[in-house]
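# Residue-level structural notes
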Amino acid sequence: MRTATGTRPRRRTRTTDDYEHLATRSQAEGIPPLPLVGEPVSGVGDAGLAPAMTGLGVALHEEATLDLLADDLGIP
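Residues numbered from 1 in each chain as written. Predicted model: local features only at pLDDT ≥ 70, side-chain atom pairs only at ≥ 80, totals over all residues. Heavy atoms only, no water.

### What about the packing of helix α1 (residues 16-28) against helix α2 (residues 49-56)?
Between α1 and α2, the least distance of the axes is 9 Å, while the angle of their chain directions is 20°. Viewed along their axes, α1 and α2 adopt a mutual orientation that is roughly parallel. Along this stretch, α1 crosses α2, giving a crossing that reads as right-handed. Touching T16, Y19, E20 and A23 of α1 are L49, A52, M53 and L56, all from α2. Here the contact of α1 with α2 is composed, by residue class, of six nonpolar, one polar and one charged. (Axes fitted to C-alpha atoms, helices over the stretch in contact; angles between N-to-C directions. Helix = DSSP H or I, 4+ residues; strand = E, 2+ residues; numbered from the N terminus. Parallel < 35°, antiparallel > 145°, perpendicular 65-115°, else oblique. Left-handed = near helix turned anticlockwise from the far one by under 90°. Contact = heavy atoms within 4.5 Å. Nonpolar A, V, L, I, M, F, W, Y, C, P; charged D, E, K, R; others polar.)

So this is what it looks like as structure tokens:
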């Protein structure tokens, strides 16, 4: 998808696969887990995201997604 100016918007929503990958990687790297708090909401583009997050119960800082963001932007 491209905008009216011809640019592609970055992916704003992470997928269930992204979340599970990042949660697993954070654990493997020894990053202390953050408890997931609050009421679950349905994922806009991924119906499996909320159940996956509830199941793992781990919150992720946005910084944990830096490599995915860089990839979305085409930064090596």
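### Re the pattern of salt bridges
Under the definition given, this model contains one salt bridge. With its nearest N and O atoms 2.7 Å apart, the salt bridge here joins R25 to D67. Here R25, found in helix α1, pairs with D67, found in helix α3 (residues 66-72); they are 42 residues apart in sequence, far enough to count as distant. R25 sits in the partly exposed class, given a relative accessible area of 23%. Residue D67 is classed as partly exposed on the basis of its relative accessible area, which comes to 37%. (Salt bridge = Lys/Arg side-chain N within 4 Å of Asp/Glu carboxyl O. Buried < 20%, exposed > 50% of the residue type's maximum accessible area, 1.4 Å probe, protein only.)

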